[in-house]
Amino acid sequence: MTTTVPQPTPARQPRPALRDRVLKLVELATTPLLPTDYLDLVAPLRSGAALRGRIEAVLPETRDAATLVIRPGRGWRGHTPGQYVRIGVDVDGVRQWRAYSLTSRLGRADGCIAITVKAIPGGTVSNHLVHRTAPGTVIQLDQAAGEFVLPTQRPAKALFVTAGSGITPVMGLLRNHPELTDVVLVHSAPTPEDVVFAAELWSLAADGRIRLVEQHTDTAGLLDAAGIAALVPDSAERATWACGPVGMLEAIEEHWAAAGLADRLYTERFRPTVLVTGEGGTVSFARSGTTLEADGATPILDVAEEAGVLMPSGCRMGICFGCVLPLREGAVRDLRNGEITTAAPGDGVLIQTCISAAAGACDIDH
Ligand SMILES: Cc1cc2nc3c(=O)[nH]c(=O)nc-3n(C[C@H](O)[C@H](O)[C@H](O)COP(=O)(O)OP(=O)(O)OC[C@H]3O[C@@H](n4cnc5c(N)ncnc54)[C@H](O)[C@@H]3O)c2cc1C
Ligand code: FES
C-alpha cells in the first residue's frame, strides 16, 4: 500500500521581475542605506543574507578563555571536526576578521556551533570576544575550512600534541570521534588553571577514552620533541596531530622528519612562521592617500593597521586570501620563504598582505 504524505504548500514567491522592481523602489526610498541593511537589523540570519551568526552564549572556560556558542544563519554548510571558521566582528567600530577552530559536537539539537577563544595579551579580537561580548551580538561568518581533520581511514593509534589554545581543534576531534579508542593526548599550559577543557579531558581519561599527559610549563618547563617522544614510547606507531606555538610545531616537524615519520604528522598553525626578513621600505596606499615606513620583518597588514589604515583580513597567516590587495608597483617579500614579488607600474599583482613585508618602496591599490 502506498501512502501519500501531505506536502506543505510552498509560500508563493513574487515573480523575479516584479520582485526586482519592488526592490528598486524600496532602494530609492531607503537610500543611502540599502534595503538589505534594514533587513539585517531585523533578520540577520535569514537565508540570502551574507552569512552571519548570532552569539547565543559566552561560557567562561578559564580566567582568559571562553566558549562562544553561535547560531549560524541559513547559509551555513556545516563543518568537519578539526576545521576552523573565520568570523568578522566589530571592535571599536572596525570590522576585524580572525579564524577560530570549531569545538562543538556535530548536529547539536539547538543547531548551534561553538568556538573557544583564549584572550592573548594585547590581542584586539580575542580580548573583545572573551571579555566584552554579550549574547545577542551578531557577527559575520565564513564557511568552515581547514585540513586538520581525520582521514576517512581512521588511524588505529592516534597522538595529539597541543599547547595553550592549540587544544581547540583537538577538542573538536575528540568530541566527535568516539571511534578513536587508542588515543594519547600530550597537552601543556602554564598552570593547571590555564588548561582549557581540563575537567572534560580528565573525564575522558577516567573513562579510558584517552591517555592524558598534562604538562604545566611554569613549573615543569616547555615540552620539547624528544621529551614528547620519551613520554609516548610508541609515538612512531601513532598518526600525530599537533597544534600550538610555532616553536613547538617546528621542533616536532623536525623531529618527526628526522625519524622518517613526516607523512604521519599533521600540524595546525595559528600564526605564520616568519623565516626570512630583509630591508623594508616606504609603503603607500594609493586610495587612502596614506604613506608609511615599514620594516622588512613585519607584515604590511600589521604595519597598515597600526597606522590606522582599514585593511581587509582573515586568518592573518596566509591561508584564507582574505587580505589580498593589488600591488601597483614595487616589491614585497613573502616572510615564509623569502620569495620576492615585484610589480611594474600598472601590473596590479595580487599580494597577501598578512605574510608579505615591504622589500623596498611599494604602492598598494587600497
Ligand atoms: C586556523 C586558525 C585557527 C585558530 N583557532 C583558534 C582558536 O580556536 N582559539 C584561539 O584562541 N585562537 C585561534 N586562532 C588564533 C586567532 O585567529 C587569533 O590570531 C588570536 O585570537 C589573536 O587575535 P587578536 O586579535 O586577539 O590578536 P592581534 O591583535 O591580532 O595580535 C596582538 C598581538 O599578539 C600577537 N599574536 C597574534 N596571534 C597570536 C597567537 N595566536 N598567539 C600569540 N600571539 C599572537 C600578534 O603578533 C600581536 O603582537 C586560530 C588561528 C588560525 C589561523
Ligand atoms: S588574512 Fe588570510 S591569507 Fe592573509
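Residues numbered from 1 in each chain as written. Chains lettered and ligands numbered in written order. Predicted model: local features only at pLDDT ≥ 70, side-chain atom pairs only at ≥ 80, totals over all residues. Heavy atoms only, no water.

**Description of the side chain of Arg98**
With respect to the helices and strands, Arg98 occurs in strand S4 (residues 94-101). Put simply, Arg98 is tucked away with no salt bridge, and the nearest opposite charge, on Glu305, sits 4.9 Å away. There is a polar contact of 3.5 Å between the side chain of Arg98 and the side chain of Gln96. Not counting chain neighbours up to four residues away, the residues in contact with Arg98 comprise Val85, Arg86, Ile87, Thr124, Val125, Ser313, Gly314 and Arg316. (Helix = DSSP H or I, 4+ residues; strand = E, 2+ residues; numbered from the N terminus. Buried < 20%, exposed > 50% of the residue type's maximum accessible area, 1.4 Å probe, protein only. Lys, Arg positive; Asp, Glu negative; His and termini not counted. Salt bridge = Lys/Arg side-chain N within 4 Å of Asp/Glu carboxyl O. Polar contact = N/O pair within 3.5 Å; in protein donor to acceptor, adjacent residues only side chain to side chain. Contact = heavy atoms within 4.5 Å.)

**Re the site of ligand 1**
Contacts to ligand 1 come from 23 residues, most closely from Ala99, Tyr100, Ser126, Thr168 and Arg271. The contact in question runs from an oxygen atom of ligand 1 to an N or O atom on the backbone of Ser101, over 3.1 Å. Val125 places a main-chain nitrogen or oxygen 2.9 Å from an oxygen atom of ligand 1. For ligand 1, whose unbound accessible area comes to 910 Å², protein coverage reaches 79%. Looking at the shell around ligand 1, the elements with two or more residues in it are S4, strand S5 (113-118) and helix H3 (124-131). At four residues, S4 tops the list of elements feeding residues into the shell around ligand 1. In terms of residue class, the shell around ligand 1 is made up of nine nonpolar, eight polar and six charged. (Near = heavy atom within 4 Å. Areas by Shrake-Rupley, 256 points an atom, 1.4 Å probe, with all protein chains shown as cover. Nonpolar A, V, L, I, M, F, W, Y, C, P; charged D, E, K, R; others polar.)

**Quick word on the environment of Ala220**
One can find Ala220 in helix H6 (residues 217-220). In the structure, Ala220 is positioned 30 residues away from Pro190 in sequence and 9.0 Å away in space, judged by C-alpha atoms.

**Looking at the environment of Gly338**
With respect to the secondary-structure elements, Gly338 resides in the loop between strand S14 (324-334) and strand S15 (340-343). For Gly338, a relative accessible area of 18% translates into the label buried. Sequence separation between Gly338 and Gly278 is 60 residues, and the spatial gap between their C-alpha atoms is 8.4 Å. Leave out the neighbours within four places in its chain, and Gly338 touches Val276 and Arg333.

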